[in-house]
Protein chains: 2
Amino acid sequence: MDFWDLVICGAGPVGCTIAERASREMKWRVLLVDKRNHIGGNCHDSYHDSGVLIHNYGPHYFRTNNKTIFDYLSKFTEWIPGNYFVKSYTRGELFDFPINIKTLEQFYNCDLTVKDAENFVEKLRVCISNPANSEEFVINKVGRELYEAFYLGYTLKQWEIHPKDLDASVCGRIPVRFNKDCRYSDYKYQVSPKHGFTKMFQNMINNPLISVMLNTDYKEIKSSISPRIATVYTGAVDEYFDYKLGKLPWRSLDFDYQEFQQPYKQPCVQINYPNDFDYTRTVEIKHVTGQKSHNTIVAYEYSKSCGDPYYPVPEQKNLSLYQRYEDLIASEQSEKNIFFVGRLATYRYYNTDQVIEEALKTFDKISKLQETQN
Amino acid sequence: MDFWDLVICGAGPVGCTIAERASREMKWRVLLVDKRNHIGGNCHDSYHDSGVLIHNYGPHYFRTNNKTIFDYLSKFTEWIPGNYFVKSYTRGELFDFPINIKTLEQFYNCDLTVKDAENFVEKLRVCISNPANSEEFVINKVGRELYEAFYLGYTLKQWEIHPKDLDASVCGRIPVRFNKDCRYSDYKYQVSPKHGFTKMFQNMINNPLISVMLNTDYKEIKSSISPRIATVYTGAVDEYFDYKLGKLPWRSLDFDYQEFQQPYKQPCVQINYPNDFDYTRTVEIKHVTGQKSHNTIVAYEYSKSCGDPYYPVPEQKNLSLYQRYEDLIASEQSEKNIFFVGRLATYRYYNTDQVIEEALKTFDKISKLQETQN
């Protein structure tokens, strides 16, 4: 079936972005294939049976510093402000998280100015030059007590790996702020698509040149399809190669959606539970979607090692295994025009803006491919 | 591409039903193709940007007398009671519709028992033996005054054809009741899928054997696909044959969705406007979906002659044209295993339960086909 110019496996952010560009810019016919029965990948949102709009695969807090990405997506959605506030429940209280001066004041029951706070933390921290792992990284930054209250338990639940055995960069993702900014992140653009992610992606691919094939395993149809220009693969890289070199481990999540007959259940969208409970966090996405309703849904998230892949496991042995798969990718690419992009195909913990940036870069490469051919 | 056993053009009620049966009962691989970017055909419902669940292509009041159909669909959805009440706005007042004894009492400002009512209507009606058209049919049943108040204007707006020029059966669809039953219909099962039609159809086709290809024009891919067993075509019959014999006319609808900041705007799901306004009816589907929300959506429906096909136009010349297409269908079927089913393919004003019945019958034929081949 040589009907399509471009075949894309995976209708997530990467697949939708490349499909949009290829159909609009190049007038290519695109086949977009997905295993699931919906588009949007893990950004997918939908109305729960209770009528409340939920994020089906965990909260997506869209944020970026990249104006190009923001402008590009703005063609397909209006935005609402990104109401992203996270608290952490420890020692029976809710604290601002990531740690800021207010967290310190509440935790140590004192009043602090910015200057005080820096001196205060200087006394808490345990100096470790060149922290070798996440435990050392955090202790070096804020001391053992805050580490044990906010980081240790959460990391253990999230990864089932002790922070001692995790690269410093894992806990290094989370800032510590010497101010009273209680937002979750400090990116320039913190906005949420007004009518949800799925509608935004629908608007992107709403083009008669794009055929969307859902509920379909790409593996099963790929031998029957030969795209004229190229293939984009956004699925799991080890699956593509039939796990020839072994299985890459992923963390997965279970969601327990609970309905409450009240407009809001939590003071903010996300509460982390480093200790005391089996779930890692509870998410009430209504704080972000801005939906008005009598009732609400809270998702209780449980981290687990099997199921749909969410997060690559940040251990050196896994990165090494992925690098060996990269050799297979290279040899596959020497035979055909195939591009491996996105979280699953590159075993990287990308945020949504980052994968869209990767998708746009990939589209640039693919479009040049045709110029070469012509 | 001979990968599929069955290819179905159209993911509406017929397509989903046959796909479900074929995958579950025969273990066939099914490709379900639709031009639109969603399944469910005109039964499709979705959440409006306001958060209110709406029926995107006009209200669907599911009702049937057929227990088999009811039981079959019950495997894929829970039900809520079908809260189907229609009123008609005429002479500045809202009346029960279809006409029942309460309508007569209010219209003629009197009190009536069942016996009274029959005598009363006997005096109103103008006896016409063998009514030749819809006007004669209604006047023969209830007299000229009720005809002019409730039927004439609505029919003109709905069909742009005078009731004099419409077969008696067109207005004959609407009962007149000699009781005080104010429900819209008197079918045995009057129920609505608890989480909407789209979720029900999603549950039907949630099978890895079924690939769903959206946003795809079947015409453009059909030459590349050769199903092992059969093709089911639920699109417009004249389009299939490239309008070779001429275009079959359809009535279409425009919807103007208005949001109101109150739980309900109307006393019931549907109000007919035979006179005074350009729209034919207003539909507040929340009365049927049972959704709880602060706000509501009312769809103002305008009838028109071009756009998406909704209702075949009940004139003899169109039925004759369709019959000539049936000859083409027959010759097409002598060459390949193709089945024409559903409203669009058979130019019939089917209700949802009726097309599902047709779909189940078609599946029986197709499944026997394989027995013959084996």
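Quick note: structure is the one above.
Residues numbered from 1 in each chain as written. Chains lettered and ligands numbered in written order. Predicted model: local features only at pLDDT ≥ 70, side-chain atom pairs only at ≥ 80, totals over all residues. Heavy atoms only, no water.

### A look at helix H6 (residues 144-159) of chain A
All names here are of chain A. Convention followed: Given a residue, its bend is the angle between the two axes fitted to the seven residues that end at it and to the seven that start from it. Runs of E in the DSSP output that reach at least two residues are strands. Runs of H or I that reach at least four are helices, and both are numbered from the N terminus. Only protein chains enter the accessibility calculation, which uses a 1.4 Å probe; a residue whose area is less than 20% of its type maximum is buried, one above 50% is exposed, and one in between is partly exposed.
Remark: the principal bend of H6, roughly 40°, maps to Tyr-151. For H6, a buried count of 12 out of 16 residues is recorded, marking the element as mostly surrounded by other parts of the structure. Along H6, the positions that sit buried rather than exposed are Leu-146, Tyr-147, Ala-149, Phe-150, Tyr-151, Leu-152, Gly-153, Tyr-154, Thr-155, Lys-157, Gln-158 and Trp-159. Directly beyond the C-terminal end of H6, a positive phi value near 55° is found at Glu-160.

### Side note on the interface of chain A and chain B
Threshold: The contact definition used throughout considers only heavy atoms, calling two residues in contact when any of these lie within 4.5 Å. Summed over both partners, the accessible area (1.4 Å probe) lost when two parts come together is defined as the buried area. By definition, a salt bridge exists where a carboxyl oxygen of Asp or Glu is found within 4 Å of a side-chain nitrogen of Lys or Arg. Pairing of N or O atoms within 3.5 Å defines a polar contact, subject to two protein rules: one partner must be a possible hydrogen donor and the other a possible acceptor, and residues neighboring in sequence count only if both atoms are side-chain atoms. Classification convention: Asp, Glu, Lys, Arg as charged; Ala, Val, Leu, Ile, Met, Phe, Trp, Tyr, Cys, Pro as nonpolar; all other residues, Gly among them, as polar. Strands are treated as partners if at least two bridges between them are detected by DSSP.
The interface of chain A with chain B comprises 31 residues on the first partner and 31 residues on the second. At the boundary of chain A with chain B, total buried surface from both sides reaches about 2,500 Å², with 51% on carbon and sulfur atoms. Inspection of the region where chain A meets chain B yields 4 salt bridges. Arg-29 of chain A is paired through a salt bridge with Glu-220 of chain B; the nearest N and O atoms lie 2.4 Å apart. Summed over the shared surface of chain A and chain B, the result is 18 residue pairs in polar contact (both at pLDDT 80 or more). Among the residues forming the side of chain A that touches chain B, the class breakdown is 13 nonpolar, 13 polar and 5 charged. Bridging between strand S10 (residues 210-214) of chain A and strand S10 (residues 210-214) of chain B involves 3 bridges; their strand directions are antiparallel. Bridge pairing in S10 of chain B places Met-213 of chain A opposite Met-213 of chain B.

### Details of the pairing of strand S9 (residues 189-193) of chain A
Where a strand is regular, its side chains alternate between the two sheet faces. Residues and elements named next belong to chain A. Most of S9 sits inside the fold, with 5 of its 5 residues counted as buried. Alternating positions in S9 separate into two faces, Tyr-189, Val-191 and Pro-193 on one and Gln-190 and Ser-192 on the other, with burial throughout. Summarising the sheet, strand S5 (residues 63-64) and S9 pair through 2 bridges and their orientation is antiparallel. Looking across to S9, one finds that Thr-64 is bridged to Tyr-189. Pairing of strand S6 (residues 79-81) with S9, which is carried by 3 bridges, proceeds in the antiparallel orientation. Considered in S9, the bridge of Trp-79 is made with Pro-193.

### Re the sheet that holds strand S1 (residues 6-9) of chain A
Rule in force here: Fitted lines through C-alpha atoms serve as axes, helices being fitted only where they are in contact, and the angles separating the N-to-C directions of these axes extend from 0 to 180 degrees.
What the 10 strands build is an open sheet, ordered S17(A)-S11(A)-S1(A)-S2(A)-S10(A)-S10(B)-S2(B)-S1(B)-S11(B)-S17(B); its pairing is mixed. A single partner strand is all that each edge strand has here, and the edge strands are strand S17 (338-340) of chain A together with strand S17 (338-340) of chain B. Each strand axis lies, on average, 15° off the axis of its neighbour in the sheet, ignoring direction. Bridge count between strand S1 (residues 6-9) of chain B and strand S11 (residues 230-233) of chain B: 4 bridges; the pairing is parallel. Counted as the bridge partner of Cys-9 of chain B is Tyr-233 of chain B from S11 of chain B. Sheet strands in contact with helix H1 (residues 13-26) of chain A are S1, strand S2 (30-33), S10 and strand S11 (230-233) of chain A, and its direction is about 170° off that of S2 of chain A.

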